[in-house]
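One letter stands for each residue in the lines below.
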Amino acid sequence: MKKDFKSSVSKAVHNATLTGALGKFSEAYKVNRQKAYEGIDFETLRETIAERKSYAAAHLDLMAQTFQINAEAAGAKVFRTNDPEEVKAYILKVARENDVKSVVKSKSMASEEIHLNDYLEKNGIEVGETDLGEWIIQLAGQKPSHMVMPAIHMTKEEVSELFSKEVNERLTSDIPRLVEVARNELRSKFLRADMGISGANIAVAETGSIVLVTNEGNARLVTTLPRVHVAIVGIEKFVEKFEDVVPVLTALPRSATAQLLTSYVSIITGPAQNTDGSMKDLHIILMDNRRTDMAADDKFKQALQCIRCGSCLNVCPVFRLVGGHVFGSVYTGGIGTILTAWFEEMQKSEDIQGLCLQCGNCKEVCPGKLDIPDMILEIRRRLVSQKGQTLVQKSIFSVVNNRKLFHSMLRTASLAGKPFTSGGFIRHLPFFLSELTEMRSLPAIAAEPFRDRFEKIAQPKQKEKIAFYAGCLIDFAYPEMGEALVKILNKAGFEVIFPQEQTCCGAPALYNGAWDVAAQNAIDNIKALTATDVSYVVSACPTCTVALKHEFLKTLDVEKKTEWVAQAQKLADKSIDFSTLVKKLVDDGRLNIAEGVELGKITYHDSCHLKRTLRVSEQPRELLQKAGFELSEMFECDMCCGMGGSYSLKLPEISAPILERKLKNIKETGAGTVAMDCPGCVLQIRGGFDKEGGKVTVKHTVELLAERLK
């Protein structure tokens, strides 16, 4: 990452006003969104939206032609272009033909995308934003920091300063007074404007209509008072039929601001009469700007299902720390990274794609069913494909791809780390490594890895065999977790085998765009784990389980190693996460957990991959309660802890405050123990508590259950 980008991230994270405003909003949003969707089947709703929008995206030419025919039949003038420069030139031409001196605009990301304001102002036309948030940032000379709430990063005091300069009057930060000032200032702009420019939230091909939603009514004034109205419509806004408007309007306000409906919904079909009885001059510009290219791309065409609600930003643990300005462009957040890569250039997403934690929160709430994390991974893959890996990445992955060398280096690191180890933790490291232990203590690398300890475990002979995939952390940092797993599965009648040839699951390479490295990791593990006939392949690391069940297949397919796909599928079919397997064994009567004992209060942290990819959340809770723990849920129990694999090493300035919030939420439950199913989360949270001197015990579920076997 470039130094100036890292610097902007650090500056944003340390901006208390920004993080305070975004943090409060995101916390309230989650609760309010849930209320707003009460009585609505969200999954069915978003399935409908995704289906209607994907149909329109797959037939953009047909949508545009149909829309143009119907809009022109209603009296509008329609102009379609792929070129942003032609959009600006067309608007300037219309302005000059109508002797336009002053323009008012309602909120339009499409106009931001082509930097229309600057262009018109350079050509002598006054432009006034009329959405309150947009007007504030226009006065401040800034870009929007959020797709729906462009000025959310500013305080009322900062706004009063801006307004004071604008009206040449010393104003207080009294909000009703500031709103009154805005209303007075903007009303005069509406009345003298010659042209109104709007965007559109929806464009209906069947009727040639555009639909606009606002809370302030400014779009209605922009589109009715001036004698000329120009609407800039990105062609991803198409729906085929008028009835398709309903699902979008149902989801848009609920997902954007947790409202049941916005205060104003305007549907415009053809020009209306001006106040003097003449007909309004209505121009609708259908702007492509590489949207058709996007529709033809198998991976990114789903991005055209976006309804621009911004819910992905509202639930993103990174966005609520850094806001939108660090993205450096018009569009922000995960979806902004994707749109920037397409509407500008792939290279401009090089730094900002690194902000994505891959936690999957955005995917859960997206009304268009966009898989934003997956598209970010694809951007990383294409960037590495275009530019190659960095020297550092090449060095690291060349080691990871050589299992013997990789494991030898870990054993050496165990010895080298001894002088810095105390109580199982490394709390300080020298020189350039010191940053690694600033926000949390690190686990000491085990003196004896699990693969060595396994050989010494005396297992009862059993007919049924199960393979254990440990992953690097359990193998080399937390071997006791592996021992606990063997103990539990032996009790359930399994003989555990540990294929010594298993190696890294490939997740670090995959998440950094090095898919060729991940493919080789997949092949090595497939060979190791399918060599013996077993009932299951179990892992106590959700990230590794996701690799075994899903990512090996995907990676091999993309890297065209199709000769391995059948074996990868066989491995995927047998792979299972620890808690799901143990819950099944308990339900089947093969495993008994000691009951009738009160073990006190416990809280549970959901790891991102376990809950959102493997869909496992209740199983570990039920097992822990069956064992005698009293479960006390923490606030945001399923919010990422900030680990994200190598993310915590690359962006500790973001990982640290996310961890800090997680520790606070855990402590507020009053529980003495926090359980989780991910060794990576254990590393992050246990290390965080050790660093701050907290007294909360951090345990993997496997350790807690092993103590409670009958």
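The structure reproduced in this document is the subject of the present report. (Residues numbered from 1 in each chain as written. Predicted model: local features only at pLDDT ≥ 70, side-chain atom pairs only at ≥ 80, totals over all residues. Heavy atoms only, no water.)

## A look at the sheet that holds strand β13 (residues 442–443)
Pairing in this open sheet of 3 strands is antiparallel, and the strands run β11-β12-β13 from one edge to the other. Strand pairing shows two members of the sheet lacking a second neighbour, β11 (421–422) and β13, which therefore form its edges. (Pairing = 2+ DSSP bridges. Helix = DSSP H or I, 4+ residues; strand = E, 2+ residues; numbered from the N terminus.)

## Details of the layout of surface pockets
By volume, the second largest pocket amounts to about 1000 Å³. Along the walls of the second largest pocket sit 48 residues, with Lys 107, Asp 131, Val 148, Met 149 and Pro 150 positioned nearest its centre. If one sorts the elements of the lining of the second largest pocket by residue count, helix α12 (residues 245–257) sits on top with 4 residues. Residue classes in the lining of the second largest pocket are distributed as 26 nonpolar, 13 polar and 9 charged. (1 Å grid on protein atoms, 1.4 Å probe; cavity = no way out; pocket = protein on both sides within 12 Å on 5 of 7 lines; lining within 4 Å. Points joined across faces, edges and corners; volume = space filled by probe spheres on them. Nonpolar A, V, L, I, M, F, W, Y, C, P; charged D, E, K, R; others polar.)

## Notes on the nonpolar core
Across soluble globular proteins, you tend to see nonpolar side chains buried next to one another. Counting residues in hydrophobic clusters, the biggest one holds 75 residues, and the most contacted among them are Phe 238, Ile 284, Val 322, Ile 338 and Ile 654. Among all residues touching Val 322, those that are not within four sequence positions of it are Val 9, Ala 12, Val 13, Leu 18, Phe 327 and Ile 654. If you look at the next biggest cluster of nonpolar residues, it comprises 64 residues, including Phe 468, Phe 494, Val 538 and Ile 576. (Core = buried A, V, L, I, M, F, W, Y, C linked by side-chain atoms within 4.5 Å. Buried < 20%, exposed > 50% of the residue type's maximum accessible area, 1.4 Å probe, protein only. Contact = heavy atoms within 4.5 Å.)

## Some remarks on empty space enclosed by the protein
If you walk through the whole model with that rule in mind, you get 7 cavities of 30 Å³ or more. Quantified by volume, the largest cavity comes out at close to 180 Å³. Within the residue set of the lining of the largest cavity, elements represented by two or more residues are α16 (333–343), α17 (361–365) and α18 (372–387). Ranked by residues supplied to the lining of the largest cavity, first place goes to α16 with 3 residues. Taken together, the residues that form the lining of the largest cavity break down as 14 nonpolar, 7 polar and no charged. Taken as a whole, the second largest cavity spans an internal volume of roughly 90 Å³. Cys 306, Ile 307, Cys 309, Cys 312 and Cys 366 are, among the 14 residues lining the second largest cavity, the residues nearest its centre. Here the residues of the lining of the second largest cavity sort into 9 nonpolar, 4 polar and 1 charged.

## Concerning the pattern of salt bridges
Evaluated as defined, the whole model comprises 52 salt bridges. With a shortest N-O distance of 3.4 Å, Glu 180 and Arg 177 are connected by a salt bridge. With Glu 180 and Arg 177 both in helix α10 (residues 175–192), this residue pair falls 3 residues apart, about one helical turn. Judged by relative accessible area, Glu 180 falls into the partly exposed class, the value being 38%. For Arg 177, a relative accessible area of 24% corresponds to the partly exposed category. Across the salt bridge formed by Arg 290 and Asp 293, the nearest N and O atoms sit 3.4 Å from each other. When its relative accessible area of 30% is taken as the criterion, Arg 290 is described as partly exposed. If you follow the salt bridges from partner to partner, you end up with Lys 30, Lys 611, Arg 612 and Asp 638 in one network. (Salt bridge = Lys/Arg side-chain N within 4 Å of Asp/Glu carboxyl O.)

## Concerning the pairing of strand β15 (residues 494–497)
Burial of the side chains of β15 extends over both faces: Phe 494 and Val 496 are buried on one face and Glu 495 and Ile 497 on the other. Across 4 bridges, the pairing between strand β14 (residues 464–469) and β15 is parallel. Across the sheet, Lys 465 pairs through a bridge with Glu 495, a residue of β15.

## Points about the environment of Gly 124
Counting through the fold element by element, Gly 124 comes out in the loop between α7 (116–122) and β3 (126–129). For Gly 124, a relative accessible area of 60% translates into the label exposed. In this structure the C-alpha to C-alpha distance between Gly 124 and Val 100, which are 24 residues apart in sequence, comes to 9.7 Å.

## Concerning the packing of helix α1 (residues 3–13) against helix α32 (residues 652–667)
It is the contact of α1 with α32, at a shortest axis distance of 9 Å, that shows an interaxial angle of 25°. Taken together, α1 and α32 sit at an angle that is classed as roughly parallel. The residues of α32 that touch α1, namely those facing Lys 6, Val 9 and Val 13, are Pro 652, Glu 653, Ile 654 and Pro 657. Partitioning the contact of α1 with α32 into residue classes produces 5 nonpolar, no polar and 2 charged. (Axes fitted to C-alpha atoms, helices over the stretch in contact; angles between N-to-C directions. Parallel < 35°, antiparallel > 145°, perpendicular 65-115°, else oblique.)

## Here's the deal with the sheet that holds strand β10 (residues 281–287)
One open sheet accounts for 6 strands, arranged β1-β10-β7-β4-β2-β3; its pairing is parallel. Where the open sheet ends on each side, the last strands, each with one partner, are β1 (77–81) and β3. Pairs of neighbouring strands in the sheet enclose a mean axial angle of 20°, with direction left out of account. As paired elements, strand β2 (residues 102–105) and β3 share 4 bridges and run parallel to each other. Following the sheet pairing, Ser 102 is matched in β3 by Glu 126. Of the strands in this sheet, β1, β4 (195–198), β7 (228–234) and β10 touch helix α5 (residues 84–97), which is tilted by about 170° from β10.

## Considerations on helix α2 (residues 16–36)
Between its first and last C-alpha atoms α2 spans 29 Å; for 21 residues at 1.5 Å apiece the expected length is 30 Å, and the two agree. Largest kink in α2: about 30°, centred on Tyr 29. (Expected span 1.5 Å × (residues − 1). Bend = angle between axes of the 7 residues up to and from the residue.)

## Things to note about unusual backbone geometry
Positive phi is not limited to glycine here, since His 115 has a value of about 55°. Following the sequence through the fold, His 115 ends up in the loop between α6 (109–113) and α7. A relative accessible area of 43% places His 115 in the partly exposed class. Of note, Arg 615 is a non-glycine position whose phi angle comes to about 60°, a positive value.

## Overview of the side chain of His 146
With respect to the helices and strands, His 146 occurs in the loop between α8 (132–140) and α9 (156–167). There is a polar contact of 3.0 Å between the side chain of His 146 and the backbone nitrogen of Val 148. A polar contact of 2.8 Å, which involves the side chain of His 146, links it to the side chain of Asn 314. Not counting residues within four places of it along the chain, the set of residues in contact with His 146 comprises Ile 152, Gly 310, Leu 313, Asn 314, Phe 319 and Thr 332. (Polar contact = N/O pair within 3.5 Å; in protein donor to acceptor, adjacent residues only side chain to side chain.)

## Looking at the environment of Met 643
Tracing the sequence through the fold places Met 643 in the loop between β19 (629–631) and α31 (647–650). Met 643 sits in the buried class, given a relative accessible area of 12%. In contact with Met 643, not counting residues within four places along its chain, are Arg 440, Ser 648, Ser 655, Gly 680, Leu 683 and Gln 684.

None of this, on its own, says anything about what the molecule does.
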